[in-house]
Each structure stands twice: as structure tokens, then as C-alpha cells.
Amino acid sequence: MFALPLLIAALTPGQIFDGLTGSCFETVMSGGSTDTHCFTASAGGKIAMDVHKVRTPNGQVVYEGVTVYRADGGKVVYSYFNSLGDLYPGEADRAGQDLVFAADKLVWKLTPDGYDSVSDKGTQHFRKVGPAAQDGL
């Protein structure tokens, strides 16, 4: 008799971003500029979106981007578009309270009031600042 392999269901974007969707999170950067990320999910969690804007201390948007997450072949893939015209693809996954972006060597660690973005450049804390608009903007 042989053993059947254990099949583990792939996570959806909605499951990976559980705890973030529906809310906006902000960090203060050097010089007083802010980086705000707002997360939404749609299609029953099959699609997630992160809209982020970097603002100067006087509120002027100087950089922005949109990341769309979707399931593809058992993985969650993303496409990040920014205001410079760049497009970056990648994959996202979740391990407990960590959101893992392996190709970017980036981990978001969920905390009681937001998340810590940890990379080789250091750690930035993003604090929950309110609800996300329905369109993520």
C-alpha cells in the first residue's frame, strides 16, 4: 500500500493579505516625507491591490505605485507599476504572520498596529492610519 501525497491548498491573495486589506498604513521617512499603502481585495479575495503614495511633508505626491496580486498556477504573483513607468513582477507568500516577497528579499512582519517592512536596507514600521477607500486610492 502506498501513501497519498498531502495536498495543501494554495493561498489566495485575500488570505495572504488578511489583516491588511481594507486599511491604510503609513511610515514616516527621512526628511518628514510619508509612504502610505492602502490595501483592498475583490473577487472574493482572488485579487488584492496595494496603492501607495509617497508625499512630501506638505502633502505633495512625488511618487506612487499600484501593485496587483492574483493567483497563477498555485502561486500568488504580482505586478507593480510605478509613476516612473516601471513594471516589476514577483511572487508573494505568507508564513504565519510574515508576508514574504522572496525575489525582493523583503518580508512584512505583521504587528499589533501595522507591519514592519524588513529588507537588507533596514526595517520600516508602517502604522495603521485608517480605512482604505473602496478603489484603494
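In the block above lies the structure referred to throughout.
Residues numbered from 1 in each chain as written. Predicted model: local features only at pLDDT ≥ 70, side-chain atom pairs only at ≥ 80, totals over all residues. Heavy atoms only, no water.

## Section: the overall build of the protein chain
A count of helices and strands for the protein chain gives 1 helix and 10 strands. Along the protein chain, from the amino end to the carboxyl end, the secondary structure elements read α-β-β-β-β-β-β-β-β-β-β. Burial analysis of the protein chain (137 residues in total) assigns 35% to the buried set. Taking the intrachain contacts of the protein chain between residues at least 6 apart in sequence as the baseline, contacts between residues at least 24 apart amount to 33%. Counting every atom, the protein chain has about 8,300 Å² of accessible surface; 57% of that belongs to carbon and sulfur. Between the averaged position of the 11 positive side-chain charges in the protein chain and that of its 15 negative side-chain charges there is a distance of 2 Å. (Helix = DSSP H or I, 4+ residues; strand = E, 2+ residues; numbered from the N terminus. Buried < 20%, exposed > 50% of the residue type's maximum accessible area, 1.4 Å probe, protein only. Contact = heavy atoms within 4.5 Å. Areas by Shrake-Rupley, 256 points an atom, 1.4 Å probe, with all protein chains shown as cover. Lys, Arg positive; Asp, Glu negative; His and termini not counted. Charge placed at Lys NZ, Arg CZ, Asp CG, Glu CD.)

## Some remarks on the pattern of salt bridges
Within the structure shown, the criterion is met by 4 salt bridges. In this structure, Arg70 engages Asp72 in a salt bridge whose closest nitrogen and oxygen atoms are separated by 3.9 Å. Its relative accessible area of 40% is what places Asp72 among the partly exposed residues. Lys109 serves as the salt-bridge partner of Asp98, at 3.1 Å between the closest nitrogen and oxygen. Of this pair, Asp98 sits in strand 7 (residues 98-101) while Lys109 sits in strand 8 (residues 106-111), and the two are 11 residues apart along the sequence. (Salt bridge = Lys/Arg side-chain N within 4 Å of Asp/Glu carboxyl O.)

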